[in-house]
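As a plain string of letters, each chain reads:
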Amino acid sequence: MTNVTRYRDQFQAAVDTVRQEGRYRIFRDIRRKKGAFPRATWFKDNLEEKNITVWCSNDYLGMGQNDCVVEAVKSAVDAAGTGSGGTRNISGTTRYHVQLEEELADLHDKSASLVFTSGYVANEAALSTMSKILPGLHILSDEMNHASMISGIRNARTHKHIFKHNNLADLEAKLKAIPADAPKLIAFESVYSMDADIAPIAEICDLADKYNALTYIDEVHAVGMYGPRGGGVSEQRGLMDRIDIIQGTLAKAYGMIGGYIAADKVIVDAIRSLASGFIFTTSIPPSTAAGALRSVRILKITPEVRSQHQERANSLKARFRAAGYPFIDGDTHIVPLMIGDPVKCQAISDRLIEGYGIYAQPINYPTVPRGTERLRFTPSPFHSDVMLDELMSALSQVWAEFELPREKVA
Ligand code: PMP
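Since the model is a prediction, treat every value here as computed from it, not as a measurement.

1. A closer look at the UniProt feature "domain: Aminotransferase class I/classII large" (unreviewed entry) in the chain
Reasoning step 1: Mapped onto this numbering, the UniProt entry gives "domain: Aminotransferase class I/classII large" (unreviewed entry) at residues 51-395.
Reasoning step 2: Measuring from the first to the last C-alpha atom of residues 51-395 gives 17 Å, for a span that is 44% helix and 17% strand.

This is how it looks when you write it as structure tokens:
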């Protein structure tokens, strides 16, 4: 008996549990087509190729197909080859990495920035390192924070306090209970990607000032999309200087891969020097840094893309509102259509893609709490009126077929 045979039943049982709970994940195998986004094709069961429209991509602004970004990547591959060849410390720092970090620091009006292999790694590495720098640190974390922040905070192995989502009274009560001279850090997001709501950033900064806490904001779902230059909601609200550490991704609005923090030089220097998730891994390829650099530069000077993006999201929300669908009517570009049952959510998603070529991936536990399963629509500037018509027509038929109620979620 091999060791795999010995343990097979336990692995199978774990998968069976996930399946029974209706949250077994089926990855849709899609072929993206440059120039056609959000149109794509789907390989159904690896057999049949079907035309679809992608309604759930985090390539929010379609920068993953932008000609200038693609060209920057291609020419960097021609110039520098493929991989970076090392960790940042051991031959893996190139001109592109350095320029990208300068650009990101400038974007957020900070004296430095640091690029990681993903937004997940940026959160995990930066937050888990904070307690090495600040012994006895108390981290206050919004209960809806992303898994990467939760993991980083857990790995910091220090005092942690989970405050109720966007709840200033609860945050203040928790801050007040911590000894006045203890180091503190408040970790939260700007745009919460599943509920499409935004943190009260100014008020959180006020509390941070009152209780001498550092502020750490995840702007993953906002950079490139909000603010005059795409610096995120903190830029839009004129609050960048009040946030100590701004974290972002290069994988969503910027259409590439990688994550970063931007902060004062001394903070970046300490994290650069101590964070395992930064030190002990190969840096992103030079071409990725080059593509991200171009993407950040383009979005800095094209506010009209941000306006088009918001206009498309507002159009979709207006149509959902008029049709009485139970969606979260927030202030962001994310439009979650609430289903509230994992099996039904999967079935509706299957019906939409199979019957109508509408691709919206079901979002289940643990990404969202059980009973709040949803289809999360993320319109881009490239989602045309025709595509909106197609979506509304498909949804109307599927809604009737599944006998779902039409009501508005507050
Ligand atoms: N923070 C938040 C709020 C996220 O939603 C995500 C990814 N969905 C991340 C961090 C991780 O970013 P990345 O995909 O670049 O790893």
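2. Some details on the site of the ligand
Reasoning step 1: In the region of the ligand, 14 residues are neighbours, and Gly119, Tyr120, Asp218, His221 and Thr249 sit closest.
Reasoning step 2: Gly119 has a polar backbone atom sitting 2.8 Å from an oxygen atom of the ligand.
Reasoning step 3: Within the side chain of His221, a nitrogen or oxygen atom sits 2.6 Å from an oxygen atom of the ligand.
Reasoning step 4: Its free accessible area being 390 Å², the ligand has 85% of it covered by the protein chains.
Reasoning step 5: The pocket occupied by the ligand, as judged from atoms lying within 2 Å of grid points, is the largest pocket.
Reasoning step 6: The dominant element in the shell around the ligand, judged by the number of residues it contributes, is helix 4 (residues 119-133), at three residues.
Reasoning step 7: Residues belonging to the shell around the ligand are distributed by class as follows: three nonpolar, eight polar and three charged.

3. Points about unusual backbone geometry
Reasoning step 1: The step from Phe37 to Pro38 runs through a cis peptide bond, and the omega angle for that step is 10°.
Reasoning step 2: Along the chain, Pro38 turns up in the loop between strand 1 (30-32) and strand 2 (39-44).
Reasoning step 3: Cis geometry is adopted by the peptide bond preceding Pro366, which originates at Tyr365 and carries an omega value of 10°.
Reasoning step 4: Relative to the elements of secondary structure, Pro366 occurs in the loop between strand 15 (362-363) and strand 16 (374-377).
Reasoning step 5: Even without glycine at this site, Asn166 takes up a positive phi of about 55°.
Reasoning step 6: Within the secondary structure, Asn166 is located in the loop between strand 6 (159-163) and helix 6 (168-177).

Thresholds applied
Residues numbered from 1 in each chain as written. Predicted model: local features only at pLDDT ≥ 70, side-chain atom pairs only at ≥ 80, totals over all residues. Heavy atoms only, no water. UniProt positions renumbered as here; feature names shortened; annotations may be inferred. Helix = DSSP H or I, 4+ residues; strand = E, 2+ residues; numbered from the N terminus. Near = heavy atom within 4 Å. Polar contact = N/O pair within 3.5 Å; in protein donor to acceptor, adjacent residues only side chain to side chain. Areas by Shrake-Rupley, 256 points an atom, 1.4 Å probe, with all protein chains shown as cover. 1 Å grid on protein atoms, 1.4 Å probe; cavity = no way out; pocket = protein on both sides within 12 Å on 5 of 7 lines; lining within 4 Å. Sits in = over half its atoms within 2 Å of the grid points. Nonpolar A, V, L, I, M, F, W, Y, C, P; charged D, E, K, R; others polar.

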